[in-house]
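Chain by chain, the residues run as shown.
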Amino acid sequence: MLNKKKIFIRVLFLSFTIFFLGHAINQRKNMTTLYESAIDKINNEEYKEAQEILRQLGDYRDSFDQMKIAQDLECKKEIYDKAIESFNNENYKNAIELFTQIKGYKDSVRYIEEAKKEIYDKAIESFNNENYKNAIELFTQIKGYKDSVRYIEEANKLMEQKDTNDFLYNEAYDDYKSDNYISAIQTFSKLEDYKNSEELIEDCKIELARLQQATTISAGIRSSVGMIRNGKVYLAGDDYYSWKSELDTWNDIISISVKGNFVVGLKEDGTVVMAGKVPEYYVGTKTWTDVIAVSTGQQYIIGLRENGTLVAQGHNGDGQVNIDDWTDIITVSTGWRHTVGLDSKGEIHITGLGSEKQLKQIAKDKGDWCNIVAISAGGGSSGDIGVTPYTVALKQDGTVVTTLTDEIAKKVSEWKNIIAISAGDSHIVGLKSDGTVVTTQIGNSAEEISNWEQIIAVSAGYGFTLGLKKDGTVVATGYEYQGQTNVDSWKNITNYEVEWKSIFDKNLRWNGGK
């Protein structure tokens, strides 16, 4: 009986042990399965699920270590996904920052290099487009990449220069818009090809040429005209052609010319107005545009255009308007019946009465006819000189040459420091740099002219001379039978003294074509 009890106990204990061992083996098998599934989930980037499983395993094997690994990888994956999103959205700076935090994770290093390349390419594009500020910002984001440091240094220098250029450009542009063409040209010239500086220089030179060649006093045959600051025009002398009523309607005039049957006015916009008419010839300027200078002859008129060509209307009995083939002309002047032009190469063109004789004289004295900056056509209808068309030219050195070959020519050759010239029918006047005037006239007129002071412009007519003073008044001497010298009441005559003098500066001269 005792033995049976012992046997039962032993069998029971053995059964319990077998059960316990089986349960333990089964539980261990289950934990192994869970552990392996957790590792699989880590490998499959299912980090949250892996962590839940590993928590159940407690301290089984290295579950705690694996959990830390899963947590770290989960964090890295979140950063990686954000980095990929930034990269795809071309937010390369943020992408680089994020990928750098997980540099050893997946292909982060490759993405970092690709993002840097994208930034570098954008920086180069900004640099080439002169957007130096943006280029510097981009190169700074990848400072150690390729030659970014060199580009940063160069961009800083160029940006500083660009800031200076922008300042100069704006300053020059303000001068241009304010009609301060000399200052604008000088400043634009410092900028070379910056923006449209070269184009604006040409525009400035054309506008300046209008003022360099403008006449604000003009002595004709029996009349004188003067232009005041608001573009209105005074008239003194013979009004046989009923000019005054037409002149009263003019405005915005910047240059005038009178002779024979016409008064011509050049407007600010390059168009031309005219008072007077010749029944025998059509003379009209309504279609004239882009004109920078005008000059009147006896029964004909000439206009110099921006492209260096000429337009003409009126009497052509002596070929005085045969100017169609003249190009690159930079200044023009008309006499009684001949026209003179100076081109950008310094060559003198003459057509009309006495032109052949004058051209031969110039060719003979070719060494003297160089470095010409201004011309004036003279000659007229009476007197020994008057019947002889002639030309006078002002040289860069302030001396004067003429096609005349008599005592008057000798007298003119002795003049020095001349800044302006004007040829009348039988006399020549020269304005000196000190504001005094020299003349080939003799007698009372010559004496009066020798006493003139503070003169800034001169105009020689048919037997009389006008002088514009610095204060905007006008003095006159010579023939006065039709009242052409009655200019005492003229006030505020426009002063282009600075612009007139600027013809001596080669850098400020127009080259005869746009």
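The structure we're discussing is the one just above.
About the criteria used
Residues numbered from 1 in each chain as written. Predicted model: local features only at pLDDT ≥ 70, side-chain atom pairs only at ≥ 80, totals over all residues. Heavy atoms only, no water. Salt bridge = Lys/Arg side-chain N within 4 Å of Asp/Glu carboxyl O. Helix = DSSP H or I, 4+ residues; strand = E, 2+ residues; numbered from the N terminus. Buried < 20%, exposed > 50% of the residue type's maximum accessible area, 1.4 Å probe, protein only. Lys, Arg positive; Asp, Glu negative; His and termini not counted. Contact = heavy atoms within 4.5 Å. 1 Å grid on protein atoms, 1.4 Å probe; cavity = no way out; pocket = protein on both sides within 12 Å on 5 of 7 lines; lining within 4 Å. Points joined across faces, edges and corners; volume = space filled by probe spheres on them. Polar contact = N/O pair within 3.5 Å; in protein donor to acceptor, adjacent residues only side chain to side chain. Pairing = 2+ DSSP bridges. Axes fitted to C-alpha atoms, helices over the stretch in contact; angles between N-to-C directions. Core = buried A, V, L, I, M, F, W, Y, C linked by side-chain atoms within 4.5 Å.

### A few points about the pattern of salt bridges
Step number 1: Counted under the stated rule, the structure contains 20 salt bridges.
Step number 2: Lys117 is the partner of Asp121 in a salt bridge, and the nearest nitrogen-oxygen pair spans 3.0 Å. With Asp121 and Lys117 both in helix H5 (residues 108–128), this residue pair falls four residues apart, about one helical turn.
Step number 3: Residue classification places Asp121 among the partly exposed residues on the basis of a relative accessible area of 36%.
Step number 4: Assessed through its relative accessible area of 43%, Lys117 is described here as partly exposed.
Step number 5: Between Glu497 and Lys470 there is a salt bridge, with its nearest N and O atoms 2.7 Å apart. Of this pair, Glu497 sits in helix H14 (residues 497–501) while Lys470 sits in the loop between strand S20 (464–469) and strand S21 (474–478); the two residues are 27 residues apart in sequence, bridging distant segments of the chain.
Step number 6: A cluster of three or more residues bridged by salt bridges with shared partners is formed by Asp107, Arg110 and Glu114.

### Notes on the side chain of Lys267
Step number 1: As for its placement among the helices and strands, Lys267 is situated in strand S5 (residues 262–267).
Step number 2: Put simply, Lys267 is tucked away with no salt bridge, and the nearest opposite charge, on Asp252, sits 4.8 Å away.
Step number 3: In this structure, Lys267 is in contact with Asn251, Asp252, Ile253, Ile254 and Val273, ignoring residues within four places of it in sequence.

### Some remarks on the layout of surface pockets
Rolled over the atoms, a probe sized like a water molecule indicates the empty space that remains.
Step number 1: Roughly 310 Å³ of volume is contained in the second largest pocket.
Step number 2: When contributions to the lining of the second largest pocket are tallied by element, the ones reaching two or more residues are helix H9 (197–212) and strand S4 (253–259).
Step number 3: A per-element tally of the lining of the second largest pocket places H9 first, with three residues.

### Focus: the side chain of His338
Step number 1: Its location among the elements puts His338 in strand S11 (residues 338–343).
Step number 2: Judged by relative accessible area, His338 falls into the buried class, the value being 1%.
Step number 3: Of the polar contacts made by the side chain of His338, one reaches the backbone oxygen of Tyr390; its length is 3.2 Å.

### So, the sheet that holds S11
Each strand in a sheet pairs with another by means of backbone hydrogen bonds, the pair being arranged parallel or else antiparallel.
Step number 1: One open sheet holds the three strands; their spatial order is S10-S11-S12, and the pairing between them is antiparallel. Each having just a single partner strand, strand S10 (329–334) and strand S12 (348–352) make up the two edges of the open sheet. When strand polarity is set aside, the average angle formed by the axes of neighbouring strands in this sheet is 20°.
Step number 2: With five bridges connecting them, S10 and S11 associate as antiparallel partners. Looking at S11, one finds that Thr331 is bridged to Leu342.
Step number 3: Its contacts with the sheet place helix H11 (residues 355–364) against S11 and S12, and it is angled at close to 160° to S12.

### As for the nonpolar core
Step number 1: Ranked by internal contacts, the top residues of the largest apolar core, which has 57 residues, are Phe188, Leu247, Val263, Leu468 and Val474.
Step number 2: Contact partners of Val263, with chain neighbours within four places excluded, come to Val225, Trp243, Leu247, Trp250, Ser257, Val258, Val273, Met274 and Ala275.
Step number 3: Grouped together as the second largest cluster of nonpolar side chains are 42 residues, Leu73, Ile79, Phe99 and Ile136 included.

### Quick look at unusual backbone geometry
Negative phi is the rule for most residues except glycine; trans is the rule for most peptide bonds.
Step number 1: The phi dihedral of Lys146 falls on the positive side, at around 50°, and the residue is not glycine.
Step number 2: By secondary structure assignment, the location of Lys146 is in the loop between helix H6 (132–141) and helix H7 (148–177).
Step number 3: When its relative accessible area of 56% is taken as the criterion, Lys146 is described as exposed.
Step number 4: In the Ramachandran plot, Gln299 falls in the positive-phi region, its phi being about 70° despite a non-glycine side chain.
Step number 5: Locating Gln299 in the fold gives a position in the loop between strand S7 (291–297) and strand S8 (300–305).

### Describing the pairing of strand S3 (residues 233–237)
Step number 1: Sheet topology note: the strand S2 (residues 223–227)/S3 ladder contains five bridges and is antiparallel. Bridge pairing in S3 places Gly226 opposite Tyr234.
Step number 2: Linking S2 back to S3 in an antiparallel pair, the connection comprises five residues, with Gly231 at a positive phi of about 85°.

### Section: the environment of Thr249
Step number 1: Within the secondary structure, Thr249 sits in the loop between helix H10 (243–247) and S4.
Step number 2: Taking the C-alpha atoms as reference points, Thr249 and Lys232, 17 residues apart in sequence, are found 8.2 Å from one another.

### Comments concerning the sheet that holds strand S13 (residues 372–378)
Step number 1: Pairing is antiparallel across the open sheet formed by three strands, whose spatial order is S13-S14-S15. With one partner strand each, in any of the chains shown, S13 and strand S15 (400–402) form the two edges of the open sheet. Going across the sheet, the axis of each strand differs from the next one's by a mean of 20°, ignoring polarity.
Step number 2: Note that strand S14 (residues 390–395) and S15 share three bridges and pair antiparallel. The residue bridging Val392 from the neighbouring strand is Thr402, located in S15.

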